[in-house]
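# Close look at the chain arrangement
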Amino acid sequence: MVTRRKCVCTTQGGLRHLGLVVWLAGLVVAMPAVSQAQSELSARAVMERNDEQMRVRDGIYELEMRIVDASGRETVRGLRREAYRSTDQDEWSLLRFQSPADVEGTGLLSIEKGEAQDDVYLYLPALRKSRRISGRNNRDYFMGSDFTYKDLRSERLKANRYERLPDEMLDGELCARIVAYPTTDAERDESGYERRELWVSQTTWLVLKTEFYDEHGENLKTLTATDIRPVQSGDDAGKLRAHELLMVNHDRERRTVLEFDAISLNTGLPKSRFTKRALERP
Amino acid sequence: MRRRPAGERPRRGRACLVLAIAGAMLGERPAWAAETDLDLDLVARVYSYAHDSEADSVRVGGTLRAEPRIGVAWPSLRMQLAAVVRADNLGYVRTEKLLDAAGDDDVRRSIDYGESFVEWDRGSWSLRAGKLLFAWGTADSVNPVDILNPRDYTDIVEFEKVPVDAVALTHFGEWVTVTGAVLPGFQPSRLPSPRTRFFPPPPPRVSVGPVELPVELALVSARRTRPDTSSTRVPVALKLDGSLRGVDWFGSYYQGATRDGLIDASTRLSPDARRVISEVRRVFPRQRVFGAGLATFFGPFGVRAEAAYFKDLERQGDDYVQLVFGGDRRWSDLIGDVDLGVNLQYALDRTRDRGRIVNQTPAVMSRVFSDNVLLRVDLEFNPDTSALLEATMNVDDSDGFGKFEIVTRIRGAWQVAVGCDLFFGSSDGFFSQFQRNDRFFVRVESAF
C-alpha cells in the first residue's frame, strides 16, 4: 500500500517531472524555433508588432525634460502630454509646459490626419492666442530640446520603408535591427533624417534604441529608452513602457532626458479634448 | 519632481481647497472640490536715456510691475481675480532722486484690475464676464481688428492692453466658433501725460503773419469728450473663426466708440494776442469695423493677412482701411546650434479721401499704420539665452523704431534682459519725434 502509494506518488511525481521535462524540452526545442520565427519576421512585421505594443486609444504622460548642454549646464522643464489615436490611425496630441513658471501654459496641439498635411498650433500665453505653425517645423527642435517635433510623434508605418539587419544583443536583450527610410522626399524633408536605425526588443517589441542619420550618413542623434516597466494606471495598466528616454545629440554635443513621472493609458480622454479651445485654456 | 496621479493636473502653486457650499450649489462632481491657482509675475525695468546725459547726472527711469493672480476652478466654472500693481517713473529724473515726484518727475503708482472674470462652460458653450482681455486677429505684430481693449500707452514702447468690462458668449462648433461680446461703459486708451517723456512736445513757437508767438498747450480732459454710452450705444462685437483645408480664417464686426480716439486740435490767439493757444482734445467717434483675416503656410513659410474697414458713424468720409500682411520662417541650427526666426509684416492704411479726414492726420494709429514695414528677428542660442531684434520703419516718413535685447535665464524662472530702444529718422514722422527717448535698459523678470 505504502509502496503503491509511494509508487503512485512516484508515478505522479514522475509524470509531473516528466511533464516539466517535456515542457522544458519543448521550450528548448521551441526557443530556437520561436527565435528563428522572430528572426524570420520581416522588418515591416517587426514594426507592426511594435505598433501593436504602442497602440492605445489615448494616453496621459507627466514628464520632466532635462536639457544638458556641452558645458553640463542643465535646464529643467515640466510637461504634460495627452494623446488620442483614432481607429484609422489619425492622431491628436496636446502638449503643455507646466514649469518653470515663465513658460507655464505654453502648449502645442498636433492633429495628424492620414496623408493630409498636419495641423499644428502653438499657444503662447503671453499672446493669448494660438498660432498655426508650418508642418515643416516638424524638423525643428521642440522648445530648445534635442527632440524635434517629429521625434515626439508616433511611428507612422505608412510613411516609412523598413529593412531588417542582423539581430543584435542590447543590454542583454535580443533585438531586431531595423532601418527605416522615409518613403517620400516630402517625408524626408519633413523629418530631416535620411534614415533611422532602430533596435526593437524581441521580448517586449519596444524600441530600445534609435540612431538618426542625416543625408551625409552622419549619426546626428541617438535615442535610448530605459526604465521599462508596466504602466500603473488607466484601462491599459500593465502595458510596458520606457519611463526614461535619453536623446544624445552628437551634432550639438548636448543631451535631453525625458523622465516620465506617470503614464496612464486608455483613460477615456474624449477627442474633444484636442481642440484649439482646449489649447487656449491652459 | 513630485509624483502625481496621472489624472491630476500638476500646476505649480496649486492646492486643493474644499469649497463645499459653492460646489454643492453648482451640483458638480466632485461636488465640493475646487482647484486654486496662485501666480505672480514680476517685472523691474531700469532705463538710461541716451540723449539726456549731463555733466553731473544721468537721466534714468524705471518701472516696477507686479501682477498677482488667483484662480479657482470647478469642472464647469472658473474664476480669476488679478491685479496689476505698478510704479513708474518715466520722467526726467536725476540719479540721486530716482523716486522723487517733485519737479518734472512723474511717478505713477497704481493698482488696476488685471484680467478678472467668471467663466462658465457647458458643452460647446462658454460664457465669460468681467474685466476681459481679447486677442483678435491673425496677423503678427499689429492687429487692426484687435480694438476691443483700450491700451496703456504711457510708455509707448512697452504699451499693454487694459482689461475691459465685457460679457462674452462663445459657441465652439465643429467648423465655426462664434463669439459675441457686449462691452458696456467706456474706457479710453491711456496716453502719456504731458509731464512724461513720451508726450510729444508741441512746437515752442508758431508764425502768425509776420511774427512768431509762443504756443500754449490747452489739453481738454478725455472725461469731457467721452462718447455717449447709453443703452442704445453699448459697444458690441462679433467674431466667427474656423479652419478649412489648412487655412485659418476669421471675420469680425465691432460697433462702438474707438478706444484710442482721434486728436482734434484747434488754435486761437490769446485775448492779449501774445500767445497762440493750441487746444487739443481727444474725440472718440463711433465706428463700425468690419474685419477679416487668413493664416496658413506654404512649405516652411507661415503667411498671415488681416484687414479692417473702419466706417465712421459720425462724420461722412472719415472711413479708412487698414491692412497687414506678411510671413515668417524659422530655421533650426542655422549657424552652429543657433535657431533663427524671421517675421516680416507690412502694414498700410488706405482711405478713400485722405484730404477730408481732418481728425485723422495726427492720429497715432494712422501714422503707425501708414506704409510700415515691421521686422522681427529672434535668435535662440540655447534654451536659456536668446536675442531679439524688432524694427518698424515708416516708408512714407523714413523714420522708425528699433529694439534689440539679449535675454538670459539666470535661475529657475528668473530672467535678465539688456538692450536698447532706438527711434530714428530725420523727418517729423511719428517715430522720429521720440528720438530724445532713445534708451538702454535692463529688465529683470520672473514668475511664481
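Below or above, wherever it landed, is the structure these notes cover. It should be emphasised that the depicted structure is a prediction, and the values quoted were computed from it without experimental measurement.

### Quick word on the pattern of salt bridges
Scanning the entire structure with this criterion turns up 62 salt bridges over all chains. Taking the shortest distance from any N to any O, the salt bridge between Asp102 of chain A and Arg409 of chain B comes out at 2.9 Å. Of this pair, Asp102 of chain A sits in the loop between strand 3 (91–99) and strand 4 (107–112) while Arg409 of chain B sits in strand 24 (residues 399–411), each in a different chain. When the shortest N-O distance is used, the salt bridge between Glu119 of chain B and Arg78 of chain B registers 3.2 Å. Highlighted residues: Glu119 of chain B in strand 6 (residues 116–122) and Arg78 of chain B in strand 4 (residues 77–89), separated in sequence by 41 residues. Residues Glu119 of chain B and Arg78 of chain B agree in their burial class; the two are buried. Within this structure, Asp41, Arg65, Glu67, Arg69, Arg86, Asp88 and Glu160 of chain B form a network of salt bridges that share partners.

### Focus: the environment of Val76 of chain A
Residue and element names in this part refer to chain A. As for its placement among the helices and strands, Val76 is situated in strand 2 (residues 74–85). The spacing of Val76 and Pro100 is 24 residues in sequence and 7.7 Å in space, taken between C-alpha atoms. The contacts of Val76, once residues within four sequence positions are left out, are Glu64, Met65, Arg66 and Pro100.

### Focus: the packing of aromatic side chains
Counted according to the given criterion, the structure contains 15 aromatic pairs over all chains. Taking the centre distance of 6.5 Å and the plane angle of 70° together, the rings of Tyr47 of chain B and Phe441 of chain B count as edge-to-face. Taken together, the positions of Tyr47 of chain B in strand 2 (residues 33–49) and Phe441 of chain B in strand 26 (residues 439–447) put the pair 394 residues apart, joining distant regions of the chain. No difference in accessibility class separates Tyr47 of chain B from Phe441 of chain B, as the two residues are buried. A network of ring pairs unites the aromatic residues Tyr84, Trp92 and Phe274 of chain A as a single cluster. Seen from the ring of Tyr213 of chain A, Arg195 of chain A lies directly overhead, with NZ or CZ sitting 3.9 Å from the centre. In this arrangement the basic side chain of Arg439 of chain B is found over the ring face of Tyr47 of chain B, its NZ or CZ atom lying 3.7 Å from the centre.

### Remarks on empty space enclosed by the protein
Residues and elements named next belong to chain A. In the structure shown here, the tally under the stated rule is seven cavities of 30 Å³ or more. In this structure, the largest cavity occupies an estimated 1200 Å³ of space. Every residue lining the largest cavity is counted, 50 residues in all, and those nearest its centre are Met54, Asp151, Leu152, Arg153 and Ser154. Split by residue class, the lining of the largest cavity holds 28 nonpolar, six polar and 16 charged.

### Describing the interface of chain B and chain A
Facing 55 residues of chain B, the contacting portion of chain A comprises 45 residues. Interface of chain B and chain A: buried area, both sides summed, is about 4000 Å²; carbon and sulfur atoms make up 39% of it. Our count for the chain B to chain A interface comes out at eight salt bridges. Applying the counting criterion to the chain B and chain A interface returns 16 residue pairs in polar contact (both at pLDDT 80 or more). Mapped by element, the contributors of at least two residues to the side of chain B that touches chain A are strand 6, strand 7 (125–132), strand 15 (247–257), strand 18 (286–298), strand 20 (320–335) and strand 21 (338–351) of chain B. Among the elements that line the side of chain B that touches chain A, the one with the most residues is strand 20 of chain B, at four residues. Among the residues forming the side of chain B that touches chain A, the class breakdown is 17 nonpolar, 15 polar and 23 charged.

### Overview of the pairing of strand 11 (residues 176–182) of chain B
All names here are of chain B. Of the two faces of strand 11, the one lined by Thr177, Thr179 and Ala181 is fully buried and the one lined by Val176, Val178, Gly180 and Val182 carries no buried residue. In the sheet, strand 10 (residues 164–172) pairs with strand 11 via six bridges, with the strands oriented antiparallel. For Leu169, the partnering residue across the bridge sits in strand 11 and is Gly180. Taking the residues that link successive antiparallel strands as the turn, the strand 10-strand 11 hairpin has three residues. Pairing geometry for strand 11 and strand 14 (residues 236–244), over seven bridges, is antiparallel. Residue pairing for strand 14: Thr179 is matched across the bridge by Lys239.

Cut-offs and rules
- Residues numbered from 1 in each chain as written.
- Chains lettered and ligands numbered in written order.
- Predicted model: local features only at pLDDT ≥ 70, side-chain atom pairs only at ≥ 80, totals over all residues.
- Heavy atoms only, no water.
- Salt bridge = Lys/Arg side-chain N within 4 Å of Asp/Glu carboxyl O.
- Helix = DSSP H or I, 4+ residues; strand = E, 2+ residues; numbered from the N terminus.
- Buried < 20%, exposed > 50% of the residue type's maximum accessible area, 1.4 Å probe, protein only.
- Contact = heavy atoms within 4.5 Å.
- Phe/Tyr/Trp six-rings, centres within 6.5 Å; stacked < 30°, edge-to-face > 60°.
- Lys NZ or Arg CZ within 6 Å of the ring centre and 35° of its normal.
- 1 Å grid on protein atoms, 1.4 Å probe; cavity = no way out; pocket = protein on both sides within 12 Å on 5 of 7 lines; lining within 4 Å.
- Points joined across faces, edges and corners; volume = space filled by probe spheres on them.
- Nonpolar A, V, L, I, M, F, W, Y, C, P; charged D, E, K, R; others polar.
- Buried area = accessible area lost by both parts, 1.4 Å probe.
- Polar contact = N/O pair within 3.5 Å; in protein donor to acceptor, adjacent residues only side chain to side chain.
- Pairing = 2+ DSSP bridges.

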